[in-house]
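For reference, the chains in residue letters:
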Amino acid sequence: MELIGKLKIYRFMAKSKLFASISLLLIISSIYLLATKGLNFGIDFVGGTIIQIKYVGEAPINKIRDLIETNEILAGGSVTEFGSSDEVVIRIRNSVSDLKNDLGDTVRETLKNSGEFEIRRVDMVGAKVGSELREKGISSLLLVFIGILIYVSIRFEWRFALASIIALFHDLIIALGFLSFFSVEVNLDALAAMLTLLGYSINDTIIVFDRIREGLVKYKGLALAPIVDEAVSRTISRTTLTSLLTWFVVATLFFFGGEIIYGFSFVLFIGIIVGTYSSIFIASPIVIWLKFSVEGYRRALAEKEKREKEQQEMREMYGSPL
Amino acid sequence: MDKDDREKIEKHLRKIEFSSFIQDGDTFHVKLTEEGKLTLKTQAVEQAVETIRNRLDQFGLSEPTVAKSGEDKILVELPGVKNQADEQRARDLIAKSAQLFLMAVDEVHQQKVSVTSEVQAKAWGDLLLPDADDQNIKYLVREIPILEGSRLTGANVGFNDMQQPVISFQLDSIGAEIFGNFTGKNVGNHLAIVLDGRVFSAPVINERIGGGSGQISGNFQLSEAQDLAIALRSGALLAPVNLLEKRSIGPSLGADSIKHALIALISGFIIVVIFMNFYYGRAGTISNIALISNTFIILTVMSIFGATLTLPGMAGIVLTIGMAVDANVIINERIRELLQEGKTLTKAIEDGYERAMTAIIDSNFTTIIAAVVLYVYGNGPIKGFAITLTVGILASMLTAILGTRGFYEAILHNIKDGKKYFGLKG
């Protein structure tokens, strides 16, 4: 079976302005959403406590809401259904720093008349730890960017590196925009998914860049745009195929993985689509817009070859030291 | 204060590490240097890690891990805490500072204790401490303790005449000597046994106590006395600990979420395998063999690392399947391309692998950069995810590049129609 029959060279670069406009629109709406609505940070980043409770039979949500108001620590907490009607999650902004008192006990005591239940999870993050985690999250994203920037600069050229980072920002901002739009809770898992997404997206981008690099050497005399068209056309079946397969796996996780990994699978569910799109349609045009010089690259390559050849000759003349 | 005294004091003050002092008439101001503060802080955290580890080890949980995390944080992981009572006890053990002091009761002022304020007590050089059982009973004890818990060599639970649990402790030789001297000089006075700021008992000293052993009695439950003995044996915490973050997952939730993830993992895997077979024909089967070996390699390496199969770890495997497919797809696409250009199968396979190599290495390496950052910055479960991802990528490179290549070379002479083999129309 073939997804895309005999190789056709699509003239992507001719349409690059259209793709750029679509992306720009998405990015601007995402930034608007982030600025006005913001992100729904979970306790991992702002501190607080999550208590997950499973009832035997349906959970009496209204009764739980009334009962927690009677306790001074739990009052003001939100009670929501979690995955199924017999499970609820209580979220409170407080955390207790005293090791001797446990909020789990408080909840057990407060809800003891609400039915038969089991406390399945108590996660508590102090406000200080929360802000530290947030800083760590941001700095880890920056570190990933720097690492990729350096690696791609070494293996390709700085304009390729910059283009791939811009494409990553594109993916990140749009993914955050979707998180904001759907009010998905941003927790540590979502951050992990974000970092994974960056890894995937750069992976796809590099595959295209690799073909461009090959084309630059193979088709001497051809300008950059047709080389890019050829590279993208040749990799498009691979990129869509791999992304589709990965997306299948993520989709099963998204639909059947349960509420607890919702944040994680949501980011990848959206992110893989955005990341694949940016790798195919956004990253390469940026290389052209950054005024990547084909002649310059070929000249540098020729010089490098010449140097290596000279060194080789020198070695042959004087004999190998080994 | 004459000159001799002053010199003596100065000599003593100089001995205090990481400090400087200023003399102001008869007053000395001693100040710790920044370096000193830092050393003290580091020592306190390291001592706390050691102490908490000791305590939890003696508590008898399966595999507690206690590790320093960041500058002043300690990460404690307790798998297998089954019920609320166990958790409560473990938490008490962690938090108990277990500072034991043997202190002299201020016999001069003790009668006036009910009308003494803290300020007044301080002026006398005393501390005003409550009784362990009854907050209303107070004691006035001399501020400078006779002995501290660091002089303990052992603490065990025993029973007194009324069959109530008590904790008997032994002192080291220096402690025993100090204790003997003090009791010898203070027969008839009271000795207060103070634990974590509360007076457990204040018996009258009847005679000189040699041998260096003593007893703490109070209204203890047996388990309480046992935990207290553990805490005393493993030493006091130099600094108080606060709870910053706590995550607990009930056994049923763990099993539940792993079941969900497992279903997702298996169904995702099946979709991928079917698709590969359908799309690439026989070559797809070879890729699938690589894929399955890859999954086994990940599971093996993870079990060597002793990694528990957590939810993020599973997600890591799910995602690695995607990555592993990728390497196979890149190679197969290249070979197809070369076959369509009219190359022979042998040549197509050789060139296909070679050309796919740079793409696979560069693309996977950048993903590993992200995984390494995840490992360095993430906490427990995310670290697991990063390990799985890295192992998975390395394994996929191994199986896709070396494994399948060897396969093709072994069966090359049996393949009649290369294009058909790679799922292309003739």
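Residues numbered from 1 in each chain as written. Chains lettered and ligands numbered in written order. Predicted model: local features only at pLDDT ≥ 70, side-chain atom pairs only at ≥ 80, totals over all residues. Heavy atoms only, no water.

**Here we look at the interface of chain B and chain A**
Which entries qualify depends on this criterion: Residue contacts follow a heavy-atom distance rule, with two residues in contact if any of their heavy atoms lie within 4.5 Å. We define buried area as the total accessible area lost by two parts upon association, computed with a 1.4 Å probe and summed across both. Salt bridge criterion: a side-chain nitrogen from Lys or Arg within 4 Å of a carboxyl oxygen from Asp or Glu. Within 3.5 Å is the distance limit for a polar contact, defined as a pair of N or O atoms, with the added protein rule that one can donate a hydrogen and the other accept it, and that residues adjacent in sequence qualify only through two side-chain atoms. Secondary structure is summarised from DSSP: a helix means a run of H or I of at least four residues, a strand means a run of E of at least two, and numbering begins at the N terminus for each. The nonpolar class holds Ala, Val, Leu, Ile, Met, Phe, Trp, Tyr, Cys and Pro. Asp, Glu, Lys and Arg form the charged class, and all remaining residues, Gly among them, are polar. Pairs of strands are assigned from DSSP output, requiring at least two bridges between the strands.
Taken together, the contacts link 70 residues of chain B with 67 residues of chain A. Across the chain B/chain A interface, buried area totals approximately 6,600 Å², and carbon plus sulfur atoms make up 61% of it. Its largest share of buried area at the contact with chain A, chain B owes to B:Leu243, B:Asp362 and B:Tyr377, together 10% of the area lost on that side. Our count for the chain B to chain A interface comes out at eight salt bridges. Of the charged contacts in the structure, one is a salt bridge between A:Arg211 and B:Glu337, with a shortest N-O distance of 3.0 Å. Connecting chain B to chain A are 13 residue pairs in polar contact (both at pLDDT 80 or more). Of all the secondary structure elements, the ones that give two or more residues to the side of chain B that touches chain A are α3 (84–95), β14 (245–249), α7 (251–280), α9 (311–340), α10 (345–377) and α11 (380–411) of chain B. Looking at side-chain class alone, the side of chain B that touches chain A contains 34 nonpolar, 19 polar and 17 charged residues. As judged from the five bridges shared by strand β5 (residues 117–125) of chain A and β14(B), these two strands associate in the antiparallel manner. When the sheet's bridge partners are listed, A:Arg121 is paired in β14(B) with B:Ile249.

**What about the packing of helix α1 (residues 16–36) of chain A against helix α9 (residues 262–289) of chain A?**
Residue and element names in this part refer to chain A. Basically, it comes down to this: Only the contacting stretch of a helix is used when fitting its axis, a line to C-alpha atoms as for every element, and angles between N-to-C directions run 0 to 180 degrees. Any angle from 65 to 115 degrees is called roughly perpendicular, while one under 35 is roughly parallel, one over 145 is roughly antiparallel, and all others are oblique. Definitions for this section: a left-handed crossing has its near helix turned counterclockwise from the far helix by less than a right angle. A right-handed crossing has that turn clockwise.
In the contact formed by α1 and α9, the axes pass within 10 Å of each other and the chain directions differ by 115°. The angle between α1 and α9 places the two elements in the roughly perpendicular class. Between α1 and α9 lies a crossing whose hand is left-handed. Contacts from Ser16, Phe19, Ala20, Ile22 and Ser23 in α1 reach Tyr277, Phe281, Ile282, Pro285 and Trp289 in α9. Taken together, the residues of the contact of α1 with α9 sort by class into eight nonpolar, two polar and no charged.

**Concerning the sheet that holds strand β4 (residues 84–92) of chain A**
In space, the five strands of this open sheet follow the order β3(A)-β4(A)-β2(A)-β5(A)-β14(B), with antiparallel pairing throughout. If you trace the sheet from one side to the other, it starts and ends with β3 (78–82) of chain A together with β14 of chain B, each paired once. On average, adjacent strands in this sheet sit at an angle of 20° to one another, irrespective of strand direction. Where β3(A) and β4(A) come together, five bridges link them in antiparallel fashion. What sits directly across from A:Phe82, in β4(A), is A:Ser84. Strands β2 (48–55), β4 and β5 of chain A of the sheet are contacted by helix α4 (residues 103–110) of chain A, whose axis makes an angle of about 145° with β5(A).

**Points about a nonpolar patch on the surface**
All names here are of chain A. Stated formally: Residues forming no salt bridge and having over 30% relative accessible area are the ones grouped into patches, like charges within 9 Å of each other and nonpolar side chains (Val, Leu, Ile, Met, Phe, Trp, Tyr) within 5 Å. Shrake-Rupley sampling with a 1.4 Å probe provides the accessible areas, and residues are treated as covered by the protein chains on show and by no other component. Exposure categories follow from relative accessible area, calculated using a 1.4 Å probe and restricted to protein chains: below 20% of the type maximum is buried, above 50% is exposed, and the middle band is partly exposed.
Where nonpolar side chains cluster on the molecular surface, the patch consists of Ile146, Leu149, Ile150, Ile154, Trp158, Leu162 and Ile166 and spans about 650 Å² of accessible area. Counting only elements with at least two residues in the nonpolar patch, the list comes to α5 (127–155) and α6 (158–181). The dominant element in the nonpolar patch, judged by the number of residues it contributes, is α5, at four residues. As for its position among the elements, Ile166 is in helix α6. Residue classification places Ile166 among the partly exposed positions, given a relative accessible area of 37%.

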